[in-house]
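Listed below are the residues making up each chain.
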Amino acid sequence: MNSAALSLAASMFEGNNSDMDNLPDTETILHILGIEYKTPNDSYAILDDIASKFWFTYRTGFAPIGGPSGPTKDTGWGCMMRCGQMMLAEGYVRFFLPAGRYFRWRPPVVDASYWDILNMFIDKRHSSYSIQQIVQMGNSEGKEIGQWFGPNTIAQVLRRIASNEFERPINVHVAMDNTLVLDEIRKLFQTHSKARKTTKNSNDKPAGWKPLIIIIPLRLGLTSVNTEYIDQLKLCFRLPQTLGCIGGKPSHAHYFIGYSGSE
């Protein structure tokens, strides 16, 4: 299936009545974005958590990109863009919803900020992180409209778009060459702080401090993930701060949010 999907959710929701059947019926530990679950006792909590995640996938019939004759669907080339949207939207939920990581979808009562975040990603030209904005920004980076993005490209595009977002400002830092330089992080915050001072009860954070998302582009193998990286990758999914990882190949990208055993 060539689509952007929550990989774990995709296997769980194959069918209307088999949600529970797709979870292990023996005692199994799952880690989903920093939270540990056990089946079968936590089965409902697992499904509740996954169902509360934003799921952005291929769409058709949206406003043309780049002019009246531009594409109105992203089937086949927009999967990595959708994965980037999901990852970033998860960050916005953490930063701007009171429950943060523990937000759960409870219609009809849903925090108003949830709808504000969703509207930032809707497929309309003026939405902050719409497919139109992402493609146009990618075009300025040398990517033709309708061309597939790799993980590094979507990371750089999201970083640039975030730098222009003023209503719900965040910082996106892309750590290149497998290296996270702390001085670069500090300078990033300082450039956004007019008054370089601390305030009481601010944990010594500079005035003007904004939420931070760090993206670290890595090549984990040539044609598949090298098994040497599996244990370290699992550790990343256990971190409470993690937003997961995105990856894949043309027409087949995924947003990974956790693991169970060796899956």
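Residues numbered from 1 in each chain as written. Predicted model: local features only at pLDDT ≥ 70, side-chain atom pairs only at ≥ 80, totals over all residues. Heavy atoms only, no water.

Put simply, the rule reads: UniProt positions are given in the numbering used here, feature names are shortened, and annotations may be inferred rather than shown by experiment.
The name given to the protein in an unreviewed UniProt entry is Cysteine protease, with Rotaria socialis as the source organism. Checking UniProt for the protein, the heading Function (unreviewed entry) contains the comment "Cysteine protease that plays a key role in autophagy by mediating both proteolytic activation and delipidation of ATG8 family proteins." Per UniProt, the protein carries the Subcellular location (unreviewed entry) text "Cytoplasm".

### Comments concerning the overall build of the protein
We apply this condition: The way it works is that DSSP assigns letters per residue, a run of H or I at least four long becomes a helix, a run of E at least two long becomes a strand, and they are numbered from the N terminus. Remark: exposure states derive from per-residue accessible area (1.4 Å probe, protein chains only) relative to the maximum for the residue type, with buried under 20%, exposed over 50%, and partly exposed in between. It only takes one pair of heavy atoms within 4.5 Å for two residues to be counted as in contact.
When helices and strands are counted, the protein shows eight helices and eight strands. Out of the 263 residues in the protein, the part that is buried amounts to 41%. Of all intrachain contacts in the protein linking residues separated by at least 6 positions in sequence, the fraction that spans at least 24 positions is 60%.

### A closer look at the packing of helix α3 (residues 79–96) against helix α5 (residues 131–140)
The cut-off we apply is this: A fitted line through C-alpha atoms represents every axis, and for helices the fit uses only the stretch in contact; the resulting angles, taken between N-to-C directions, go from 0 to 180 degrees. We call a crossing left-handed when the near helix sits turned anticlockwise from the far one by less than a right angle, and right-handed when that turn is clockwise. Just so you know the grouping, Ala, Val, Leu, Ile, Met, Phe, Trp, Tyr, Cys and Pro go in nonpolar, Asp, Glu, Lys and Arg go in charged, and all remaining residues, Gly too, go in polar.
Two elements in contact, α3 and α5, have axes whose closest approach is 11 Å; the angle formed by their N-to-C orientations is 115°. Relative to α5, α3 is oriented so that their crossing is right-handed. Of the residues in α5, those in contact with Met81, Arg82 and Gln85 of α3 are Ile131, Ile134 and Val135. When grouped by side-chain class, the residues that make up the contact of α3 with α5 number four nonpolar, one polar and one charged.

### Considering the environment of Met81
Of note, Met81 is situated in helix α3. Expressed as a C-alpha distance, the spacing of Met81 and Ile134, which sit 53 residues apart in the sequence, is 7.4 Å.

### Considerations on empty space enclosed by the protein
Going by this rule: A cavity, in this analysis, means grid points on a 1 Å lattice covering only the protein atoms where a 1.4 Å probe fits yet has no way out; a pocket is instead an open set bounded by protein on both sides within 12 Å along at least five of seven lines, and a residue lines either one if it has an atom within 4 Å of a point. Grid points are joined across faces, edges and corners, and a volume is the space filled by probe spheres set on the points.
Inspection of the entire model under this criterion finds one cavity of 30 Å³ or more. Estimated volume of the largest cavity: approximately 40 Å³. By residue class, the composition of the lining of the largest cavity is three nonpolar, two polar and three charged.

### Focus: the sheet that holds strand β8 (residues 258–260)
Basically, it comes down to this: A pair of strands is treated as paired once DSSP finds two or more bridges between them.
Ordered by their spatial adjacency, three strands build an open sheet running β3-β2-β8, and the pairing between neighbours is antiparallel. Here the strands that pair on one side only, and so sit at the sheet edges, are β3 (35–39) and β8. Taking each pair of neighbouring strands and ignoring which way they run, the sheet shows an average axis angle of 20°. By the bridge criterion, five bridges tie strand β2 (residues 28–32) to β3 in an arrangement that is antiparallel. If you follow Thr28 over to β3, its bridge partner there is Thr39. Along the sheet, helix α2 (residues 43–51) makes contact with β2 and β3, crossing β3 at roughly 135°. Along the sheet, helix α8 (residues 230–238) makes contact with β2 and β8, crossing β8 at roughly 115°.

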